[in-house]
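Observations on the model geometry
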Amino acid sequence: MAPPRGGFAPDLDKFLDSLKSRPVDASVEFLISLLKRRQIRGPESCAVATAHILLQVVAKDKWTDVDQLLGRIQLVGRKLVAAQPHELVIGNIVKRVLGLIRDEALEDRNETGNDSPSGETPTLPPSIEAVPLEKTSRLPSLAMVGSFARTQSMFNLLSDPDFTPSPGSTPKLGSGASSPQRLPQSTNVKAFRSEVIDGIEEILEEIRQVDEQVQTYSEIMIHPGDYILVHQPSRTVQKFLTRAASKRKFTVFLVVDPSTASSADDPYASLRKSLSSGGSSVVNIMNVGLMAYMSRVNKVILSARAITSQGGVIVDSGAAVIARAARALGRTVIVLGGVYKLSPDSRFHHAESIEWGDPSKYVNFADGTMVGQVRVKNAVAEFIPTEFVNTYITNLGAHSKDHLHAIIADHYKGEDITFDLFGKIKR
C-alpha cells in the first residue's frame, strides 16, 4: 500500500507555526531534532529555519549586554551546526547575525557619543577600542537597493585608493577577555533588540528574493540557439531558464535521477511546459548517456547547495561528473546560488562534503540475499573543485572565483569568520 500523502510529519512550515507557542529553548531543541532527522533539508529551508530561531532568541531571551547576546547566539549556532554539519548555510546565517549584532552595537555607541556634550569623549569599556565617532549604518537589504547599485558601491569602496583600514576600525566584541559590553543606557536595550530583529528580517527578505534577482542575469548568460545542460535543476535554476526562454529559443538537456524518471509524478513538468511555451526544447538524459551529448553542449548550469570561500561548490550527487566532463571538453560551467550560500569557512575538505543518504530507492531491500552480501552507499551531495567552475552568479551579479573573498569580507566580520562553530559545545 502506498504511503499516505500529506501526513503529520513536521516540516519547515509546522516548525515556523510552532514558534508562536513554544519557549525558545524548546523551539531550539525541536529544530535540532528536525535537522537531525532531515525533516528540514535543503539550503533555503535550513537558512530560513536558522534565521527564524535566532530571531526568537533575540526577541524572547533575557539579556542585558552585547556579550550575553553574542554568547547565546554562538551557543545556539553551535548546536544547530552539530545537528546538521553538512548544511553550511546554517553556519553562514549564524555568522551573519553575529556580524549584525556587532554592527548595531557599534552604531548605538557612536550615536551615544554624538549625543554627549561637546568637548567630552564618552568612556568606552576596556573591551572596545576607540573608533571615530561616525555613524556606521547597516547595509540596506536587497529589497531596498538594486543589485547593480550594490555591486557598483562595493566596487567603488574596493577601488578607493584613499581607503586604508586600520586595526582599530573594527570593534572587538564578544571576546570575553574583559568586562561585559553593556549598552549605554538600560532604556536602549529595547531599541537595540528591535534593530537586531529588523536586521534578521532583512536577511530573511534577502533569502526570499534570491531567485527573482538571480534570474535577471539569464538573458546575459543564455544566447539564442544555445544547448544548455542542467542537472536536477533546483527552483533557482528553473526560474533562470524560464526567464531566458521568455526572450529567446534554446535547447535544454535535462539530466534526471533514474529513480525519479520512472516515477509517475514528473517533478519538472512545470519547467517543460514553461520552456515549450516559449519555443525552447527539452531533452531528457540519463546519467549513463551523458557523454554522448556533452559535445553538443555550450554551457552547463548547476545549482549550489553551498559555495566555499575558495570557490569549491557543494552540489547534488551526480553533478560533479558533469562538471569534470565539461572541463575536459572546454565547456563553460555556471553555478547559481544566493550570497547566503557563500561560506566564509576555509577549513573545508572534500571528504567532509560528501553526504550519504538512504540507498533504498536504488536497491530493493526485499532482496535479503542482496542486502546481506553487498554494502550499498548512496551519495546525496558531493564536491566540485574550484578549477571546474567558470562563473558564479549570485543575487549580486556574476563573479569569478577571485571576487568571492570580497563578497565574504562585505558580509561577514573578521572575528566571526575565524569563530569555530564546529567546536565543543559548552553547556
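Residues numbered from 1 in each chain as written. Predicted model: local features only at pLDDT ≥ 70, side-chain atom pairs only at ≥ 80, totals over all residues. Heavy atoms only, no water.

1. Re empty space enclosed by the protein
Quick note on the threshold: Here a cavity denotes grid points, spaced 1 Å and computed from the protein atoms alone, that fit a 1.4 Å probe unable to get out, and a pocket denotes an open set having protein on both sides within 12 Å along at least 5 of 7 lines; residues with an atom within 4 Å of a point are the lining. Grid points are joined across faces, edges and corners, and a volume is the space filled by probe spheres set on the points. A run of H or I in DSSP counts as a helix once it spans at least four residues, and a run of E counts as a strand once it spans at least two, with each numbered from the N terminus. Under this grouping Gly is polar, as are all residues other than the nonpolar Ala, Val, Leu, Ile, Met, Phe, Trp, Tyr, Cys and Pro and the charged Asp, Glu, Lys and Arg.
Considering all chains together, one arrives at three cavities of 30 Å³ or more under this definition. Roughly 90 Å³ of volume is contained in the largest cavity. Lining the largest cavity are 13 residues, with Leu88, Gly91, Asp345, Leu421 and Phe422 positioned closest to its centre. Among the elements that make up the lining of the largest cavity, the one with the highest residue count is helix 5 (residues 88-115) (five residues). In terms of residue class, the lining of the largest cavity is made up of seven nonpolar, three polar and three charged.

2. Quick notes on the layout of surface pockets
Considering only enclosed or pocket space, the second largest pocket measures out at about 1,000 Å³ in volume. Considering the residues around the second largest pocket, the lining is formed by 39 residues, among which Arg41, Gln232, Arg305, Asp316 and Val380 are closest to the centre. Broken down by secondary-structure element, the contributors of at least two residues to the lining of the second largest pocket are helix 3 (43-60), helix 9 (235-245), helix 10 (258-261), strand 8 (355-357) and strand 9 (378-384). By residue class, the composition of the lining of the second largest pocket is 13 nonpolar, 13 polar and 13 charged.

3. Side note on the packing of helix 9 against helix 11 (residues 269-277)
Filter applied, for reference: Axis angles are defined between N-to-C directions and span 0 to 180 degrees, where every axis is a line fitted to C-alpha atoms and, for a helix, only to the segment in contact. Angle categories are assigned with fixed cut-offs, so that under 35 degrees is roughly parallel, over 145 is roughly antiparallel, 65 to 115 is roughly perpendicular, and the rest are oblique. When the near helix sits turned anticlockwise from the far one by under a right angle, the crossing is termed left-handed; a clockwise turn instead gives a right-handed crossing. Contacts were defined at the residue level, with two residues in contact if any of their heavy atoms lie within 4.5 Å.
In the contact formed by helix 9 and helix 11, the axes pass within 9 Å of each other and the chain directions differ by 15°. Taken together, helix 9 and helix 11 sit at an angle that is classed as roughly parallel. As helix 9 runs across helix 11, the sense of the crossing is left-handed. Facing helix 9, whose interface residues are Gln238, Leu241, Thr242 and Ala245, helix 11 presents Ser270, Leu271, Ser274 and Leu275. Taken together, the residues of the contact of helix 9 with helix 11 sort by class into four nonpolar, four polar and no charged.

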